[in-house]
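Report on the structure
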Amino acid sequence: MQHRYKTLRREGDKEIVIRKSRFIGYGTPVASEEEAIAFIERIKKLHRQATHNCSAYVIGERDEIQKASDDGEPSGTAGKPILEVIKNQGLKNVAIVVTRYFGGIMLGAGGLIRAYTDGAVAATEAGEAIVNVLHREVFVDVDYTWYGKLENELHARQYRVEDTSFTDRVTVTCLPLEAEGDAFIAWMTDLTQGQAVIEKGEAVYRVEGE
């Protein structure tokens, strides 16, 4: 798993008008090529009457899967510019569709490239680019006498706390960076003088800065 990668927060869409043609950019995060294809097909069905529904997607830790479609526009004037926006912005696991309703004015090859580039940028703006960072769940179970110190130390070192459960003991769900997981557990053990029951959970992504 990647320790950090840039993607879109959510599915979003934004419309722009260029020389009377409507361009609607749709962007979404995807986890697989199947999800990307399903998203593209859904937008195509939504805009059956559109002149073109051009698309591109990039998937994989090393961008292993890259596909683009001009959907009837002149070769290289639509799908490739959309793909280049995804790559130039450093986005991963993202699919974009730019829908066009022809407005009666020909744009020419250069004009189409600029228009689909702008449509793709609009899609990424609507979907909101974020950075996902890999963390590791660590469950720290302590007696109530340790909780105050534990809370203060976690706050002082600005560790992310996902949840705190209060029963006969206190269980704090911490989220150190994946790369720091073992060091964090060692620190917890030392901090609580071995009194904490510590358990590793799953690796999870959280948005940087939130």
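This text goes with the structure placed above it.
Definitions and cut-offs
- Residues numbered from 1 in each chain as written.
- Predicted model: local features only at pLDDT ≥ 70, side-chain atom pairs only at ≥ 80, totals over all residues.
- Heavy atoms only, no water.
- Buried < 20%, exposed > 50% of the residue type's maximum accessible area, 1.4 Å probe, protein only.
- Helix = DSSP H or I, 4+ residues; strand = E, 2+ residues; numbered from the N terminus.
- Pairing = 2+ DSSP bridges.
- Axes fitted to C-alpha atoms, helices over the stretch in contact; angles between N-to-C directions.
- Contact = heavy atoms within 4.5 Å.
- Phe/Tyr/Trp six-rings, centres within 6.5 Å; stacked < 30°, edge-to-face > 60°.
- Lys NZ or Arg CZ within 6 Å of the ring centre and 35° of its normal.
- Salt bridge = Lys/Arg side-chain N within 4 Å of Asp/Glu carboxyl O.
- Core = buried A, V, L, I, M, F, W, Y, C linked by side-chain atoms within 4.5 Å.

Let us look at the pairing of strand S9 (residues 170-175). Extensive coverage of S9 is indicated by the burial of five of its six residues. Here five bridges tie strand S7 (residues 129-142) to S9, and the two strands are oriented antiparallel to one another. Within the sheet, the bridge partner assigned to valine 142 lies in S9 and is valine 170. Strand direction decides the pairing type here: strand S8 (residues 160-166) and S9, joined by six bridges, are antiparallel. Considered in S9, the bridge of serine 165 is made with threonine 171. With antiparallel pairing between neighbouring strands as the criterion, S8 and S9 make up a hairpin whose turn holds three residues.

Let's shift gears to the sheet that holds strand S4 (residues 52-59). In spatial order, the strands read S2-S3-S6-S4-S5; together these five strands make up an open sheet with antiparallel pairing. This sheet does not close on itself; its edge strands, each paired only once, are strand S2 (12-18) and strand S5 (65-69). Going from strand to strand, the sheet's axes swing by 15° on average, the running direction of each strand aside. Of the strands in this sheet, strand S3 (21-29), S4, S5 and strand S6 (94-101) touch helix H1 (residues 33-46), which is tilted by about 165° from S4. Together, S4, S5 and S6 form the strand contacts of helix H2 (residues 79-88), whose direction differs from that of S4 by roughly 35°.

Right, let's get into the packing of aromatic side chains. Within this structure, the stated rule accounts for seven aromatic pairs. Seen in terms of ring centroids, phenylalanine 23 and tyrosine 116 are 5.2 Å apart; in terms of plane orientation they differ by 90°. Their pairing is edge-to-face. Within this pair, whereas phenylalanine 23 is found in strand S3, its partner tyrosine 116 is found in helix H3 (residues 108-127), the two being separated by 93 residues in sequence. On the accessibility criterion, phenylalanine 23 (0% relative accessible area) is buried. Directly above the ring of tyrosine 101 sits arginine 22, whose terminal nitrogen or CZ lies 4.8 Å from the centroid.

Another aspect to go through is the pattern of salt bridges. Across all of its chains, the model carries 15 salt bridges by this definition. One salt bridge in this structure joins arginine 9 and glutamate 128, with 3.1 Å as the shortest N-O distance. Of this pair, arginine 9 sits in the loop between strand S1 (4-8) and S2 while glutamate 128 sits in the loop between H3 and S7; the two residues are 119 residues apart in sequence, bridging distant segments of the chain. Take glutamate 128: its relative accessible area is 29%, and that puts it in the partly exposed class. Each of Arg9, Arg10, Glu128 and Glu210 takes part in a single network of salt bridges with overlapping partners.

One finds Ile82, Ile86, Ile96, Val98 and Tyr116 to be the most contacted residues of the largest nonpolar core, which totals 20 residues. Contributing elements (two or more residues each) for this core: S4, H2, S6 and H3. Counting residues per element, this core draws most heavily on H3, at five residues. In contact with isoleucine 96, not counting residues within four places along its chain, are Tyr26, Gly27, Phe39, Cys54, Ser55, Ala56, Ile82, Ile86, Ala120, Ala123 and Thr124.

Quick look at H2 now. Looking only at H2, the buried set comprises Gly79, Pro81, Ile82, Leu83, Val85 and Ile86. On its buried face, H2 sits against S4, S5, S6 and H3. The first or second residue beyond H2 is glycine 90, which carries a positive phi of 70°.

Shape descriptors only; they carry no functional weight alone.
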